[in-house]
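Below are the chains, spelled out letter by letter.
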Amino acid sequence: MGIEAGGLVEQGRDHHRNKVNVVGHHHHHVGYMKNKVLRKRKYCSKNRKVKHSSSDSALQRLFVSCKDVFKGLGTLPSPHHVQELCSVLDKFRPEDVGLSSDLQFFKPETEVKGTPRVTYTTIYQCNNFSLCCFFIPATGVIPLHNHPGMTVFSKLLLGKMHIKSYDLVDPIKNSDASQVRLAKLKADSVFTAPSKTSVLYPTTGGNIHAFTAITPCAVLDVIGPPYSKEDGRDCSYYKDHPYASYSDAKVTEEEGDHYGWLEEIEMPDNSEMDGIEYLGPQIIETI
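Residues numbered from 1 in each chain as written. Predicted model: local features only at pLDDT ≥ 70, side-chain atom pairs only at ≥ 80, totals over all residues. Heavy atoms only, no water.

Chemist: For this particular structure, what's the right way to read the overall build of the chain?
Modeler: Along the chain, the regular secondary structure elements total three helices and twelve strands. When each of the 287 residues of the chain is scored for burial, the buried share is 51%. Looking at the chain alone, contacts between residues at least 24 apart form 81% of all its contacts between residues at least 6 apart. Element-wise, carbon and sulfur atoms account for 49% of the exposed surface of the chain, whose accessible area totals about 14,100 Å². (Helix = DSSP H or I, 4+ residues; strand = E, 2+ residues; numbered from the N terminus. Buried < 20%, exposed > 50% of the residue type's maximum accessible area, 1.4 Å probe, protein only. Contact = heavy atoms within 4.5 Å. Areas by Shrake-Rupley, 256 points an atom, 1.4 Å probe, with all protein chains shown as cover.)

Okay, structure coming up:
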């Protein structure tokens, strides 16, 4: 999951310059336990050394692990590195990014009408990876979207949500975007925090997914590399159709329930998100 390209992880590369002008309005909707502002670096550098905090925080360990795992464009994390990062994220708690189930956002007093907007904060971003947290109110939706050329680790920190995901049977993009494409259903289930870390890859693992919050949720995404329209990693959106909606002989009737057709669509109205400044525990980095 991301908003930079096509409306999903960040609205522009420079979060501080292009920050959505709703930060003050939305702080009381999410809130933080610790009032520490992260000063985000824009780029990773091989010559930059990481200085560990005295407490060696979980967020700091995650950052160090990400530096090891994500090696740059055109590379995939090795199975060993995937296991390493999953091990770190599986132990991750809401408090590690300044959140708590006691915050008012996770205890709404009134029933939400319509489709509420999703809020996000960028914890860290460089050329190789980004750390983002998404706050999805009850009934809120992050619509079906893809992650071209990316590996994404997702950790549900708080709440309960329904996740639906697909992988394209033929991942090579057709020049005719209007044609529906056959996809295999990878997940169609409800997940409750704390859950195990899920991993999607450029062509496997449920690269095209949608989130629907059943209760207010917080999701931590580790994305490598981040969305970038300039580098060909723009975000595309989809509408799914039952397999029986179109005639095709590629799978048997019994297998049809495990497949669907994906239609590429314009960015849905409910994909727009509000950005807020990250105020949780800091990543410590020195040049």
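Chemist: Which parts of the structure should I look at to understand the sheet that holds strand β2 (residues 130–136)?
Modeler: Working definition: the strands of a sheet are paired by backbone hydrogen bonds and lie parallel or antiparallel to each other. On the basis of which strands lie adjacent, the open sheet formed by six strands has the order β7-β4-β9-β2-β1-β12 and mixed pairing. Taken across any chain shown, the strands that pair with only one partner, and hence form the sheet edges, are β7 (198–200) and β12 (273–275). Averaged over all adjacent pairs, the angle separating strand axes in this sheet is 25°, with direction ignored. In the sheet, β2 pairs with strand β9 (residues 217–224) via seven bridges, with the strands oriented antiparallel. Note on β9: the bridge partner recorded for cysteine 133 is leucine 220. Seen against the sheet, helix α3 (residues 79–90) touches β4 (151–158), β7 and β9 and runs at an angle of roughly 15° to β4. (Pairing = 2+ DSSP bridges. Axes fitted to C-alpha atoms, helices over the stretch in contact; angles between N-to-C directions.)

Chemist: How should I be thinking about unusual backbone geometry in this particular structure?
Modeler: Note on backbone geometry: most residues besides glycine have negative phi, and most peptide bonds are trans. Residue proline 194 is reached from alanine 193 by a cis peptide bond, and omega for that bond is 0°. Mapped onto the elements of the fold, proline 194 is located in the loop between β6 (181–192) and β7. Between glycine 224 and proline 225 the backbone carries a cis peptide bond, its omega angle lying at -10°. Examined against the element boundaries, proline 225 turns out to sit in the loop between β9 and β10 (237–242).

Chemist: Looking at this structure, I do not really get the pattern of salt bridges. What am I missing?
Modeler: It is possible for side chains of opposite charge to pair when their charged atoms get near one another. Tallying each qualifying case throughout the model produces eight salt bridges. Measuring nitrogen to oxygen at the nearest pair gives 4.0 Å for the salt bridge that ties aspartate 56 to arginine 61. The partly exposed category is assigned to aspartate 56, whose relative accessible area is 31%. Between aspartate 240 and lysine 164 there is a salt bridge; the shortest N-O distance is 2.9 Å. Residue aspartate 240 is found in strand β10, and its partner lysine 164 is found in strand β5 (residues 160–168); the two are separated by 76 residues along the sequence. Given a relative accessible area of 25%, aspartate 240 falls into the partly exposed group. Relative accessible area serves as the criterion here: at 23%, lysine 164 is assigned to the partly exposed category. Salt bridges sharing common partners tie together Arg117, Glu272 and Asp274. (Salt bridge = Lys/Arg side-chain N within 4 Å of Asp/Glu carboxyl O.)

Chemist: Help me out: how do you make sense of the nonpolar core in this one?
Modeler: In globular proteins that are soluble, nonpolar side chains generally tend to be buried together. Counting 34 residues, the largest nonpolar core has Leu62 and Leu131 as the members making the most contacts within it. Elements that contribute at least two residues to this core include exactly α2 (58–69), α3, β1 (118–125), β2, β4 and β9. With six residues, α2 is the single largest residue contributor to this core. With 14 residues, the next largest nonpolar core counts Phe134, Leu156, Met161 and Val219 among its residues. (Core = buried A, V, L, I, M, F, W, Y, C linked by side-chain atoms within 4.5 Å.)

Chemist: Hey, could you run me through the packing of aromatic side chains in this one?
Modeler: Aromatic rings in a pair are described by how distant their centres are and how their planes are angled relative to each other. For the coordinates displayed, the defined rule picks out nine aromatic pairs. Aromatic side chains phenylalanine 63 and tyrosine 124 sit 5.0 Å apart centroid to centroid with 75° between the ring planes, which places their arrangement in the edge-to-face category. Of this pair, phenylalanine 63 sits in helix α2 while tyrosine 124 sits in strand β1, and the two are 61 residues apart along the sequence. Looking at tyrosine 124, the relative accessible area reads 1%, which means it is buried. (Phe/Tyr/Trp six-rings, centres within 6.5 Å; stacked < 30°, edge-to-face > 60°.)

Chemist: Help me understand the confidence of the model for the chain in this model?
Modeler: Detailed reading of the predicted coordinates is not advisable wherever pLDDT is low. For the chain, the average pLDDT comes to 81, and 76% of its residues sit at 70 or higher. Scored below 50 in pLDDT, residues 2–28 makes 88 contacts in the model with residues more than four places away or belonging to other chains. Segment residues 34–54 is flagged for pLDDT under 50; beyond a separation of four residues in sequence, or across chains, it makes 65 contacts in the model. (pLDDT = per-residue confidence, 0-100.)

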